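Geometric and topological summary
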Amino acid sequence: MIDFTFDGRTETFLELTDKDEIIERISALDIKMEWKPYHNKWQDDVAYMNVPCSFDIETSTTNIGTEKDPSWVGFMYIWQFAIADIAICGRYWEEFVELLNLLKHLLNLKPHKRLPIYAHFASFEFQHLRNFIHVEKVFARKKRVIVNADFNQAFQLRCSWALSNMGLGKAIGTVPDAKYNKLSGDDFDYTKLRLPTTELTDMEYAYCFCDVMGLNEYLLHTMTSNNDNVTTLPMTSTGFIRREVRKEVLKNEANKKQVLDLALTPKLYVYCKTASRGGNTHANAYFTDVILDNVSSYDRKSSYPAEMVVADNFPVTGFRDVRPSNENFIESVATSACLIDMTFYNIRVKKLTPIPYISISKCTRVKFGKYNMKDNGRVVGADMASMVITDVDFRIIDAMYEYDDYEISALYTAKRGHLNDEFRHTLMEQFITKCKLEMGDPYLYAKFKNKINAYFGMMLTDICNPTITYNPNCKDMKDLWKSEVVDIKSLLSRYYKSSNSFLSYQHGLWVTANARYQLQLAINTTGMDTAYVDTDSDKFIENHDADFARLNEEWLALCDANDIFPVVNVNGKKYVLGAWEKEKTATQFRTLGAKKYCCMYGDELKITVAGLSKEKGRDWLRENGGIENFKIDTVVPVGSSGRTVSYYNDVKEPYQLTIGDCTFTNGSNIAVLPTSYTFGVSEDYLKYYTSVQ
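This write-up is about the structure you can find in this document.

Reading the values: rules and limits
Residues numbered from 1 in each chain as written. Predicted model: local features only at pLDDT ≥ 70, side-chain atom pairs only at ≥ 80, totals over all residues. Heavy atoms only, no water. Helix = DSSP H or I, 4+ residues; strand = E, 2+ residues; numbered from the N terminus. Expected span 1.5 Å × (residues − 1). Buried < 20%, exposed > 50% of the residue type's maximum accessible area, 1.4 Å probe, protein only. Contact = heavy atoms within 4.5 Å. Axes fitted to C-alpha atoms, helices over the stretch in contact; angles between N-to-C directions. Parallel < 35°, antiparallel > 145°, perpendicular 65-115°, else oblique. Left-handed = near helix turned anticlockwise from the far one by under 90°. Nonpolar A, V, L, I, M, F, W, Y, C, P; charged D, E, K, R; others polar. Core = buried A, V, L, I, M, F, W, Y, C linked by side-chain atoms within 4.5 Å. Disulfide = S-S within 2.5 Å. Phe/Tyr/Trp six-rings, centres within 6.5 Å; stacked < 30°, edge-to-face > 60°. Lys NZ or Arg CZ within 6 Å of the ring centre and 35° of its normal. Arc of directions from axis to C-beta. Polar contact = N/O pair within 3.5 Å; in protein donor to acceptor, adjacent residues only side chain to side chain. 1 Å grid on protein atoms, 1.4 Å probe; cavity = no way out; pocket = protein on both sides within 12 Å on 5 of 7 lines; lining within 4 Å. Points joined across faces, edges and corners; volume = space filled by probe spheres on them. Salt bridge = Lys/Arg side-chain N within 4 Å of Asp/Glu carboxyl O.

Looking at helix α14 (residues 421–437)
- With 17 residues, α14 should cover 24 Å at 1.5 Å per step; its first-to-last C-alpha distance of 24 Å lies within 8% of that length.
- Within the sequence span of α14, burial applies to F423, R424, T426, L427, M428, Q430, F431, K434, C435 and L437.
- On its buried side, α14 packs onto α8 (238–249), α11 (303–310), α15 (442–459), β28 (567–570) and β29 (573–576).

Some words on the packing of α11 against α14
- In the contact formed by α11 and α14, the axes pass within 9 Å of each other and the chain directions differ by 140 degrees. When the axes of α11 and α14 are compared, the pair comes out oblique. Between α11 and α14 the crossing geometry is left-handed. Contact with α11, carried on its side by P305, M308 and V309, involves F423, R424, L427 and M428 of α14 and no other residues of that element.
- Across the contact of α11 with α14, the residue classes break down as 6 nonpolar, no polar and 1 charged.

Observations regarding the packing of α11 against helix α17 (residues 506–526)
- Where α11 contacts α17, the two axes come as close as 9 Å, and the packing angle between them is 110 degrees. Taken together, the axis directions place α11 and α17 in an arrangement best described as roughly perpendicular. In the packing of α11 onto α17, the handedness of the crossing is right-handed. On α17, the residues that touch S303, Y304, E307 and M308 of α11 are V511, T512, N514, A515 and Q518.
- A breakdown of the residues in the contact of α11 with α17 according to their chemical character gives 4 nonpolar, 4 polar and 1 charged.

Notes on the nonpolar core
- Core analysis: the biggest nonpolar cluster contains 58 residues, and M308, L339 and F423 have the highest contact counts within it.
- At 6 residues, the largest contribution of residues to this core is made by α15.
- The contacts of L339, once residues within four sequence positions are left out, are L268, Y271, C272, A275, F319, V388, I389, A410, L411, Y412, L509 and W510.
- I22, M49, F81 and L129 belong to the second-largest nonpolar core, a separate cluster that totals 50 residues.

Some thoughts on the state of the cysteines
- Enumeration according to the criterion identifies 0 disulfides in this entry.
- The cysteine C435 is free of any disulfide, with C559 supplying the nearest cysteine sulfur at 14 Å.

Looking at the packing of aromatic side chains
- Using the criterion set out here, one finds 40 aromatic pairs in the structure.
- Summarising the aromatic geometry, the rings of Y685 and Y689 are spaced 5.1 Å apart at their centres and angled 70 degrees between planes, so their arrangement reads as edge-to-face. Note that Y685 and Y689 are positioned in helix α20 (residues 683–692) at a spacing of 4 residues, about one turn of the helix.
- The exposure class of Y689 is buried, given its relative accessible area of 2%.
- An aromatic cluster of three or more residues is present, and its members are F4, F6, F13, Y180, Y205 and F209.
- The residue whose ring lies beneath K374 is F368, and the NZ or CZ to ring-centre distance is 5.0 Å.

Brief notes about helix α9 (residues 253–261)
- Of the residues making up α9, those classed as buried are N255, K256, Q258 and V259. The buried residues of α9 all sit within an arc of 155 degrees when viewed along its axis, so they share a single face. Across α9 from its buried face, at more than 90 degrees, point the exposed residues E253 and K257.
- Buried residues along α9 sit against α8, α14, α16 (488–497) and α17.
- Here α9 starts with a cap whose side-chain oxygen sits 3.0 Å from the backbone nitrogen of A254, and that cap is N252.

Details of the layout of surface pockets
- Quantified by volume, the second largest pocket comes out at close to 1,600 Å³.
- Lining the second largest pocket are 41 residues, and of these G185, Y190, Y207, T644 and V672 lie nearest its centre.
- Among the secondary structure elements, those contributing two or more residues to the lining of the second largest pocket are β5 (53–63), α3 (122–129), α6 (185–188), α7 (202–225), α19 (614–623), β35 (643–649) and β38 (669–675).
- The leading source of residues in the lining of the second largest pocket is β5, at 7 residues.
- Partitioning the lining of the second largest pocket into residue classes produces 16 nonpolar, 13 polar and 12 charged.

Some remarks on the side chain of S276
- Relative to the helices and strands, S276 resides in the loop between α10 (266–275) and β12 (281–283).
- Here S276 falls in the buried class, since its relative accessible area comes to 17%.
- For S276, the residues in contact, after removing those within four places along its chain, are K362, L460, Y505 and L509.

Considerations on empty space enclosed by the protein
- In the structure shown here, the tally under the stated rule is 4 cavities of 30 Å³ or more.
- The volume enclosed by the largest cavity comes to roughly 110 Å³.
- Forming the boundary of the largest cavity are 13 residues, of which R277, K362, M387, V388 and I389 lie nearest the centre.
- Contributing elements (two or more residues each) for the lining of the largest cavity: β20 (381–390) and α13 (391–400).
- In terms of residue count, β20 provides more of the lining of the largest cavity than any other element does, 3 residues in total.
- Partitioned by chemical class, the residues of the lining of the largest cavity number 8 nonpolar, 1 polar and 4 charged.
- Volume-wise, the second largest cavity comes out at about 90 Å³.
- Surrounding the second largest cavity, V249, N255, Q258, V259, L419, N420, F423, M459, F502, L503, S504 and H507 form its lining.
- Among the elements that line the lining of the second largest cavity, the one with the most residues is α9, at 3 residues.
- Residues that form the lining of the second largest cavity fall into these classes: 7 nonpolar, 5 polar and no charged.

Focus: unusual backbone geometry
- Phi is positive for N227, which is not a glycine, with a value near 55 degrees.
- Mapped onto the elements of the fold, N227 is located in the loop between α7 and α8.
- Notably, N346 is not glycine yet its phi reads approximately 50 degrees, a positive angle.
- As for its placement among the helices and strands, N346 is situated in strand β16 (residues 337–349).

Considerations on the pattern of salt bridges
- Here the structure, examined in full by the defined rule, presents 32 salt bridges.
- For R144, the salt bridge goes to D650, with nearest N and O atoms at 2.5 Å. Taken together, the positions of R144 in the loop between β9 (135–142) and β10 (145–151) and D650 in the loop between β35 and β36 (655–659) put the pair 506 residues apart, joining distant regions of the chain.
- In this structure, D534 engages K595 in a salt bridge whose closest nitrogen and oxygen atoms are separated by 2.8 Å. Highlighted residues: D534 in strand β26 (residues 530–534) and K595 in the loop between β31 (586–593) and β32 (596–601), separated in sequence by 61 residues.
- We classify D534 as buried; its relative accessible area is 14%.
- K595 sits in the partly exposed class, given a relative accessible area of 36%.
- Through salt bridges that share partners, R130, R144 and D650 make up one connected network.

Regarding the side chain of N666
- By the element assignment, N666 lies in strand β37 (residues 662–666).
- A polar contact is formed between the side chain of N666 and the backbone oxygen of G74, at a distance of 3.2 Å.
- Setting aside residues up to four positions removed in sequence, N666 forms contacts with V73, G74, F75, M76, F132, P654, Y655 and L657.

Geometric values such as these leave the question of function open.
Following this line, the structure appears as structure tokens:
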């Protein structure tokens with residue numbers, strides 16, 4: 001038994017040496033069983049123990065090679081487990097296996113009677129644990145990223161990160177009056193080498209304790225506040241809103257009929273998958289690596305939800321294969337929702353274009369000539385560029401680029417219209433509730449904000465995901481995880497036959513395309529004053545307040561034409577779905593490209609850099625030259641970047657590892673090393689923006 005003190009109170013970890021007390025306390029739990037039907041050949045109904053249960057490990061990384069030829073290995077030095085309000089810990093894998101066997105006996109667990117165990121980002125724990133358990137089945141979204149795993153004929157490991165879509169600290173922070181908030185990782189210091197024999201401090205035990213007890217608080221609160229149990233809890237965060245919306249949408253039988261009428265063939269699915277594109281995020285090459293003064297910013301209020309509620313150009317009938325000609329193509333893009341497979345010849349962006357639209361990554365074929373240029377992944381000019389696009393994309397490209405000729409390989413058209421009324425109504429209700437909560441209960445506000453974000457998440461969820469298989473008996477560890485070839489025809493058939501299917505995959509394409517179009521209207525307004533854009537945000541120099549006021553008037557007129565009232569009034573404050581809102585003006589701004597910029601607001605510095613901690617990177621930069629040092633070749637050192645690199649070590653069997661005078665059992669693992677971050681741009685981009693500047 002380990003007693004430790006933090007926050008003025010004393011808590012206790014039980015150990016396996018306290019077996020009698022563990023047995024007594026677990027036996028005293030009143031745990032109900034909940035049943036969930038499984039529809040496969042080897043398993044009938046499965047009962048799950050309805051109790052919050054969490055598992056976590058802490059690991060260290062060390063070099064067991066030489067300085068010249070390093071061999072990094074990760075290993076567990078403490079595990080912690082919580083069931084209800086009982087916390088148990090151990091220092092060796094043998095102890096955890098013993099606990100699993102004890103739980104299996106105490107709770108009478110069987111293949112059809114399982115204990116669900118949550119771990120936050122369970123993929124990490126699974127990699128370290130997998131050699132010590134018998135894994136029966138794994139459900140993974142991609143290689144090494146599991147959602148759940150059945151093991152030992154008694155347990156199911158589940159991922160609470162997938163459930164919450166938040167870091168553990170933020171997830172626990174959504175629980176009103178949480179007792180076990182996550183403690184600071186900076187104070188804990190992950191880089192410190194700890195062994196299973198290392199004596200831990202009260203603070204270190206408290207950190208481990210709060211991770212599992214706090215997660216149990218989150219699980220219990222999530223179940224009670226959503227009227228769920230362990231069988232009805234969705235596996236992913238979008239599942240909460242998916243079932244709410246499904247219930248409303250399927251009340252109208254016409255909506256299910258429309259889903260079937262809009263069913264995609266394998267060929268059309270591939271076209272949609274190819275045309276799928278996210279937000280437009282890019283920097284104006286004319287201003288890249290330049291410190292700008294007084295940079296204004298406008299953000300669009302709930303851009304994706306606004307398009308789902310207001311836009312009337314979604315394909316609302318099945319796609320029709322049209323034999324393309326120049327005449328019917330122009331008419332089609334003007335009047336229909338279109339999927340277009342086309343090639344542009346000698347295409348070049350018009351002069352004084354701040355943000356080229358065509359992304360090289362979305363081209364199915366592209367050929368660059370000697371005098372063509374690329375703008376950080378965007379096509380400035382090309383001898384030939386082929387792509388699959390929507391009619392919305394074509395309108396943007398046609399206005400922004402010049403080209404000598406084009407060729408249409410395929411053209412599919414559908415009638416335009418709104419998304420169904422039930423979907424739009426539920427989304428608008430969520431937006432209204434979120435606005436009312438913005439200045440109120442932070443938990444409820446965060447909950448409804450996440451719900452609104454989940455609307456788009458479920459809209460563009462792939463309906464033909466490949467099956468990821470886990471093969472622990474493979475001869476070559478390269479085959480441990482495999483992505484099976486997708487049988488698109490059977491997956492589509494299964495989707496449309498399912499009584500739960502209520503969304504049409506192609507609608508997600510038009511959500512993002514419409515949002516890009518609205519952003520393009522803003523870019524056209526700010527023109528060469530545009531410094532940087534990101535999905536629903538436009539940052540620029542000079543004053544364009546009147547221009548954005550005009551855009552908002554045009555948006556409200558569009559809403560009015562569609563009989564939609566997008567305004568929410570809360571205590572005298574007006575929120576307008578889809579309107580442009582002015583944000584705080586940056587006194588200085590500098591960007592090095594997409595997802596890489598720095599802002600000064602007086603003496604306050606903020607950064608957004610993909611792969612660099614916002615807080616740690618900001619703090620280091622603030623002490624080391626500020627925005628002047630936000631430039632190419634600046635290195636944020638190890639320990640200040642918040643950045644790590646991971647090495648996966650896969651073995652077939654557990655083995656004995658000796659570090660110093662400590663020998664213990666280790667298995668497959670992840671070695672996690674802190675690393676530095678170097679600001680940089682590609683050679684092509686450097687050449688391009690210096691030439692245009």
